[in-house]
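# Analysis of the macromolecular model
These are the residues of each chain, in order.
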Amino acid sequence: MRKGEQTRTLILNEAVALASQVGLEGLSIGSLAGRLDMSKSGLFAHFGSKEDLQVRTLRRAQELFLEQVVSPALKQAQGLPRLRNLFSNWLAWLESNDDLPGGCLMLAASVEYDDRPGAVRDLLVAGQRELRGAIAKAIELFGVVLAAHHDLRLLGDPRALERAGDALERLIEAHRAAELSVLRART
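Just so we're clear, the structure is a prediction, and the values are computed from it rather than from any experiment.

How two aromatic rings sit relative to each other is set out by the distance from centre to centre and by the angle between their planes. Applying the stated criterion across every chain, the model contains 3 aromatic pairs. One aromatic cluster is present, formed by Phe-65, Trp-90, Trp-93 and Phe-142 through successive ring pairs. Note that Arg-116 overlies the ring of Tyr-113, its terminal NZ or CZ placed 5.2 Å from the centroid.

This structure, assessed with the given rule, holds 11 salt bridges. Across the salt bridge formed by Arg-2 and Glu-5, the nearest N and O atoms sit 2.8 Å from each other. Classification of Arg-2 by relative accessible area gives exposed; the value is 61%. Owing to a relative accessible area of 33%, Glu-5 belongs among the partly exposed residues under this scheme. Put simply, Glu-162 and Arg-159 hold a salt bridge, and the shortest N to O gap is 3.6 Å.

With that settled, consider the side chain of Asn-89. Along the chain, the position of Asn-89 falls in helix H5 (residues 80-95). Accessibility expressed as a relative area gives 15% for Asn-89, which makes it buried. When near neighbours in sequence (up to four residues on either side) are disregarded, Asn-89 contacts Gln-68, Val-69, Pro-72 and Ala-73.

Moving on, we get to helix H9 (residues 160-186). Turn by turn, an α-helix covers 3.6 residues, leaving residues three or four places apart pointing in a common direction. In this model H9 runs 39 Å from its N-terminal to its C-terminal C-alpha over 27 residues, within 8% of the 39 Å that 1.5 Å per residue would give. Buried residues of H9: Ala-160, Leu-161, Ala-164, Ala-167, Leu-168 and Ile-172, and no others. Its buried side turned inward, H9 meets H5 and helix H8 (140-154).

What counts and what doesn't
- Residues numbered from 1 in each chain as written.
- Predicted model: local features only at pLDDT ≥ 70, side-chain atom pairs only at ≥ 80, totals over all residues.
- Heavy atoms only, no water.
- Phe/Tyr/Trp six-rings, centres within 6.5 Å; stacked < 30°, edge-to-face > 60°.
- Lys NZ or Arg CZ within 6 Å of the ring centre and 35° of its normal.
- Salt bridge = Lys/Arg side-chain N within 4 Å of Asp/Glu carboxyl O.
- Buried < 20%, exposed > 50% of the residue type's maximum accessible area, 1.4 Å probe, protein only.
- Helix = DSSP H or I, 4+ residues; strand = E, 2+ residues; numbered from the N terminus.
- Contact = heavy atoms within 4.5 Å.
- Expected span 1.5 Å × (residues − 1).

Coordinates in, geometry out; function isn't part of it.
Next comes the structure, spelled out in structure tokens:
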């Protein structure tokens, strides 16, 4: 990676961390420059506008999610091992991600931009559709993760992740029971 790309990646990582706390709308070239101890003009050279900064920050958060949550899960055997790994990676992303001191940026941005048109929303929608497509067979997972994020971040519930794990196990058992019932009905 060239020096300019390295600098931009470092800036974007810091932008992701800041936006996880203040939202994408709260993210500005000025606030980020102050946090990085850079001049506004120096930062402006990397991002021509606030919207460009927001879009690139969201894109970086999506890249980090793929690197830390999805890609490691895809290395697992198909089926339950992959599903369990995806789920555990996702909960780890919510719980102890130092890169996101304010929680999952994509989940927060989903609320922030749900009815706001523009490039940021378009990128967010595309990312959510891609994610949903990737986990279409396990879509219940998304609901459990949303509930875990809400309970952990908003309510500060220390048992949120444990309950999320229990919910996954109940989903798996329900699926197994349904499959067994179908097999018995055929015989």
